[in-house]
Structure formats: structure tokens, C-alpha cells
Amino acid sequence: EASVNLIAKTIARAEFQTFFQGEEEKEHNYYVFNVEANKNMSASLFWKQVVKKLLKEGEALILLQNKQMYLADSFERKEYAFEENVYSQIEIGDYALKDAWKENRVLYLKDDNTEIKNAIDGIYKDYTKLIGASITGYQNSKTRKGTLEVPTNLPKGIEDEEQLRKYVANTMKDFMDPSKNAVYPESGGFKYTEIDKTKGSKSNDSGRETKNFIDDMFDFIAISYGIPPSLLKGDTVDTKDALNNFLTFCINPIAKLITDEINRKMYGYELYKERTYARLDTSNIKAVDFRDVANSIDLLTRNAALTIDDILRILGKEPIGGDVGSMRFITKNYELLDKVLEEGSISNTGGGYNGEDT
């Protein structure tokens, strides 16, 4: 649950960008992808549910209806080799759809992670036993144990084993209660001897052992999902590197899966080749510290790699748009190589080229 929730919340932080002939636009598709998936659900909540279903069940079906998106809770899929697949027995909440839906009316996401999920289930079963045994061992290490020497001639009133058991329980009740200070009164020939639990055992480490078993489960499952274990457990050491690995090996592949399905179903080849498409941008997931990116932004800006609006997006600000927002800058120190060769000289700090040699 921790792994799935972390991935789902991270995907929900990403932004869908929509483009028309290479120019970014914010029309209806942008609104549906980022703000309101359908009349009953925000886009953020919708994508969280999609990712959770994808990771837990291995697949997710999104219905495209009236320019809105709906997540199916259950469905049946019939595959064809050369025809469109057909989806039937679709249910959304308590509502069952009677008609069948073809491939071109849905977004179908599949996470081919069956073998890993089976491995996780196996690890879970094994470690459940280990953790249970460890907890029992810890509890045993905290209880008092001893031997009670019973006299041959039992005191008056103790005639059988049941009466003996009740007598011992009542006599030692306060003595065995860890919340009370008590002294065991040895009388009537009864003699109690405490067993030293520290000899030949390490029962005092049972509590730490239980935590280690739980940490092992977090590590195994995090790695299977592509999550750095330290990130899943909330460690703050090397968070930057852990987050980069998380985005690279876990989040970006899921983003690519969603992006490809949207482009092939909602846009198609003709629009895509004209650079009209959508993209799930994960670059804005990380919180940006101005001091960390200032030098990089400066370098990319003076090389015309970033526009003013690009910089504002990186900083989490609202783009200004228009001609000003799309402006690019380049320093006068840079020039096209072909133009310099035509002028016959290339100069640098180590000497120069005068155009005489080739």
C-alpha cells in the first residue's frame, strides 16, 4: 500500500501538456487531463485511482465518453488478432453498462508485472511467519518465567490439581504483574526460583529483529516497483539521488505508458505527425529550490534552449504567454560554425585559425 500510494500521488503531481502543431495549448483536452476528468471527479483523484488499479490489478480501463474520462471498476476483455479488442461486462461503481466498447473508445493500460507480484505475495507469506515468530519471541523475552517447587504434603484446602492451580494463580497474581511492586511469600513448602532468560539467548534483541524483518519487506517490495527503499521509508539522506532514480526507473515508464495510449487513441498518426499530441511531463514533480537551479537556468537561457515561459514553469510560476513568453536569448559569444569559417578565422584563448590551412 505504501509503494502504490507513493507512485499514485507522484503521478498525480505531474502535468499533462497538450500541443497543436508544435505549439503548446490549453484547450479542452488539457482541462480534462489536468483539472476535471469527469463531472464527478477531479483529474488528480482520477489519475490516483487509475495508477492504483494498474499497479494492484495489473490493468486499468478508461472509458472515453462525451469528452470525459471514466475509470471502469471491472470489465471483461476479448482480444482479437486483426480486429479491435472488445470490452464488455463493464461496471463503474454500482452501474453496469449493457453495451460493448471497442478499442478505439477506451484507454487500456496494462502493467506486465505478474511475476513480480507473485514474488511479492510469496515474500509476504514467508515474512508474515517470521514477523509473527519474532513478535512471539519478543513477548516471551518480556515475561517472567520460573520454577515452583511444590511440597509433597500439600497445605490444607488443596486436595487436587485444579485447586493447586487456582492457589498458585491467586498467590502469584500480584507478584507476576509487571505494573506492581510485589514480593512472593514462600510458605507452606512452596519455593519459587526465577529462570535467568539471558543465559544462552539473545531474546533482548527480538524487538530489533522484528523491525529488521519489516524493513526487509519494505526493501524487497520497493525495489520490485523501482522505488529506492530509503524514499519509501522516509529517510532524508541522499534524497536528491533517490528521487532522481525514482523518477527514472518508476515514474517515467508509467508516464510513457499513459502518454502512448492517449496519443494513439485520442490523437492518432495524422495529428501526431503534425506535432499535435499530449505528453505527461514529470519534470515539475520535484520541488525546486531557486538556488539549486539558478546556474543551470542561466546556462540554458543564454544558449536559447529555454524560453521565458520555460523558466517560469521550472520555477513553478504561471507562464506569461504571447510573444514575450516565447522569447529565446543567446549571448554574442556564440556564432554558427559555418559563418565563422566563411570569415576565415576562429579564435580562442589557446591561439587562432587564420584560414590558411584546412
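Rules used throughout
- Residues numbered from 1 in each chain as written.
- Predicted model: local features only at pLDDT ≥ 70, side-chain atom pairs only at ≥ 80, totals over all residues.
- Heavy atoms only, no water.
- Pairing = 2+ DSSP bridges.
- Helix = DSSP H or I, 4+ residues; strand = E, 2+ residues; numbered from the N terminus.
- Axes fitted to C-alpha atoms, helices over the stretch in contact; angles between N-to-C directions.
- Contact = heavy atoms within 4.5 Å.
- Parallel < 35°, antiparallel > 145°, perpendicular 65-115°, else oblique.
- Left-handed = near helix turned anticlockwise from the far one by under 90°.
- Nonpolar A, V, L, I, M, F, W, Y, C, P; charged D, E, K, R; others polar.
- Phe/Tyr/Trp six-rings, centres within 6.5 Å; stacked < 30°, edge-to-face > 60°.
- Buried < 20%, exposed > 50% of the residue type's maximum accessible area, 1.4 Å probe, protein only.
- Lys NZ or Arg CZ within 6 Å of the ring centre and 35° of its normal.
- 1 Å grid on protein atoms, 1.4 Å probe; cavity = no way out; pocket = protein on both sides within 12 Å on 5 of 7 lines; lining within 4 Å.
- Points joined across faces, edges and corners; volume = space filled by probe spheres on them.
- Salt bridge = Lys/Arg side-chain N within 4 Å of Asp/Glu carboxyl O.

**Q** Before we move on, could you go through the pairing of strand β8 (residues 86-92) and cite the residues and values that matter?
**A** Within a regular strand, the side chains alternate between the two sheet faces. Pairing of strand β7 (residues 74-78) with β8, which is carried by 4 bridges, proceeds in the antiparallel orientation. Residue pairing in the sheet places Lys 78 in a bridge with Val 86 of β8. Here β8 pairs with strand β10 (residues 101-102) via 2 bridges, running antiparallel. Bridging across to β10, Tyr 87 finds its partner in Trp 101. As paired elements, β8 and strand β9 (residues 95-96) share 2 bridges and run antiparallel to each other.

**Q** So, the sheet that holds strand β2 (residues 23-25): which residues are in play, and what are the values?
**A** The strand order across the open sheet formed by 3 strands is β2-β1-β14, and the pairing between neighbours is antiparallel. Single-partner strands in this sheet number two, and they are β2 and β14 (277-281). Averaged over all pairs of adjacent strands, the angle between their axes in this sheet comes to 40°, without regard to strand direction. With 3 bridges joining them, strand β1 (residues 15-20) and β2 adopt antiparallel strand pairing. Bridging from a neighbouring strand, Phe 19 pairs with Glu 24 of β2. Across the sheet, helix α8 (residues 239-273) is in contact with β1 and β14; its angle to β14 comes to roughly 165°.

**Q** So what's going on with the environment of Gln 21? Which residues, and what values?
**A** Here Gln 21 shows up in the loop between β1 and β2. Taking the C-alpha atoms as reference points, Gln 21 and Tyr 272, separated by 251 residues in sequence, lie 8.6 Å from one another. Contact partners of Gln 21, with chain neighbours within four places excluded, come to Glu 274, Arg 275 and Thr 276.

**Q** Before we move on, could you go through the packing of helix α1 (residues 2-13) against helix α3 (residues 43-57) and cite the residues and values that matter?
**A** Contact geometry of α1 with α3 gives a least axis separation of 8 Å together with a crossing angle of 140°. Classified by the interaxial angle, the pair formed by α1 and α3 is oblique. The two elements α1 and α3 meet at a crossing, and its hand is right-handed. Seen from α1, the contacting residues are Val 4, Asn 5, Ile 7, Ala 8, Lys 9, Ile 11 and Ala 12; seen from α3, they are Ser 44, Lys 48, Val 51, Lys 52, Leu 55 and Lys 56. The residue makeup of the contact of α1 with α3, split by class, is 7 nonpolar, 2 polar and 4 charged.

**Q** Which residues make up the packing of aromatic side chains, and what values go with them?
**A** For the structure shown, the criterion picks out 11 aromatic pairs. Centre to centre, the rings of Tyr 127 and Phe 220 are 5.9 Å apart; their planes meet at 70°, and the pair counts as edge-to-face. One end of the pair, Tyr 127, is in helix α4 (residues 114-142); the other, Phe 220, is in helix α6 (residues 206-225), with 93 residues separating them in the sequence. Judged by its relative accessible area of 14%, Tyr 127 is buried. Owing to a relative accessible area of 38%, Phe 220 belongs among the partly exposed residues under this scheme. The ring of Tyr 108 is capped by Arg 77, whose NZ or CZ atom sits 4.0 Å from the centre of that ring.

**Q** Residue-level account of the layout of surface pockets, with values.
**A** In this structure, the largest pocket spans a volume of roughly 1100 Å³. Lining of the largest pocket is provided by 37 residues; of these, Gln 17, Glu 24, Asp 309, Asp 310 and Arg 313 occupy positions nearest its centre. Of all elements in the fold, only β1, β2, α2 (28-34), β14, α9 (290-302), α10 (308-314) and α11 (322-325) reach the threshold of two or more residues within the lining of the largest pocket. When the residues that make up the lining of the largest pocket are grouped by side-chain class, the tally is 10 nonpolar, 12 polar and 15 charged.

**Q** Now, about unusual backbone geometry: what can you tell me, with residues and values included?
**A** The phi dihedral of Gln 89 is positive, around 50°, even though this residue is not glycine. Even without a glycine there, the phi angle at Arg 275 is positive, about 65°. As for its placement among the helices and strands, Arg 275 is situated in the loop between α8 and β14.

**Q** Kindly report on the sheet that holds strand β6 (residues 68-71), identifying the contributing residues and their values.
**A** Taken together, the 3 strands give an open sheet; going across it, the order is β6-β5-β11, and neighbouring strands pair in antiparallel fashion. Whereas interior strands pair on both sides, the edge strands pair on one side only; in this sheet they are β6 and β11 (106-110). Pairwise comparison of adjacent strand axes, ignoring direction, gives a mean angle of 20° for this sheet. Bridge count between strand β5 (residues 59-65) and β6: 4 bridges; the pairing is antiparallel.

**Q** Before we move on, can you summarise the pattern of salt bridges with the specific residues and values?
**A** Using the criterion set out here, one finds 13 salt bridges in the structure. Measuring nitrogen to oxygen at the nearest pair gives 4.0 Å for the salt bridge that ties Glu 103 to Arg 264. Of this pair, Glu 103 sits in the loop between β10 and β11 while Arg 264 sits in helix α8, and the two are 161 residues apart along the sequence. Since its relative accessible area comes to 9%, Glu 103 is described here as buried. A salt bridge links Arg 264 to Glu 261; its shortest N-O distance comes to 2.9 Å. On the criterion of helical spacing, the pair formed by Arg 264 and Glu 261 is a turn pair, its members being 3 residues apart in helix α8. A cluster of three or more residues bridged by salt bridges with shared partners is formed by Glu 103, Glu 261, Arg 264 and Lys 265.

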